[in-house]
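Secondary and tertiary structure notes
Okay, here's what each chain looks like letter by letter:
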Amino acid sequence: QVQLVESGGGLVQAGGSLRLACAASGRTFNNYYMGWFRQAPGKEREFVAAITWRDTSTYYADSVKGRFAISRDNGKNTMYLQMNNLEPEDTAVYLCARQRFYSGNYQTASTYSYWGQGTQVTVSS
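Presented here is a report on the structure given in the accompanying data block. Here the structure is a predicted model, which means the values were calculated and not measured.

1. Here we look at the state of the cysteines
The final tally for this structure, using the stated rule, is one disulfide. Between the sulfur atoms of Cys22 and its disulfide partner Cys96 the distance amounts to 2.1 Å. Its S-S torsion of about 60 degrees marks the bond between Cys22 and Cys96 as right-handed, since a negative value means left-handed. With Cys22 in strand 3 (residues 18–26) and Cys96 in strand 9 (residues 92–98), this pair connects stretches of sequence that are 74 residues apart.

2. Things to note about the sheet that holds strand 7 (residues 68–73)
Strand order in the open sheet made by the four strands is 1-3-8-7, with antiparallel pairing throughout. Either end of the sheet is taken by a strand with one partner, and the two such strands are strand 1 (2–7) and strand 7. Neighbouring strand axes in the sheet, compared pairwise and without regard to direction, differ in orientation by 15 degrees on average. As judged from the six bridges shared by strand 7 and strand 8 (residues 78–83), these two strands associate in the antiparallel manner. When the sheet's bridge partners are listed, Arg72 is paired in strand 8 with Met79.

So, how was this worked out
- Residues numbered from 1 in each chain as written.
- Predicted model: local features only at pLDDT ≥ 70, side-chain atom pairs only at ≥ 80, totals over all residues.
- Heavy atoms only, no water.
- Disulfide = S-S within 2.5 Å.
- Helix = DSSP H or I, 4+ residues; strand = E, 2+ residues; numbered from the N terminus.
- Pairing = 2+ DSSP bridges.
- Axes fitted to C-alpha atoms, helices over the stretch in contact; angles between N-to-C directions.

In structure tokens, the structure reads:
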């Protein structure tokens, strides 16, 4: 079993920065994607970014490209999301997720088997 715990959310003004962390425990080493998704009230869960655990290739939603950076530290079993130049539209609950088996559809939430509880990010204008 894999457990994921997010941290680092909070309230920030537009233009500010936050760094989210996702600590993983349990069996973690394999070939799969880990990703960040977000969900705002009344909206569907949205892909934000993904990273492969084997070669650290990264992928981003167009809405965050150039502002967000995903990374991971294998030694600490932790994934990060550095969020810069935040906008009010980035306000959402941010969730980290991990695939159980490798799927190339890293943008699709249903390909991820393990989820954290989420951390709230609120960006004020």
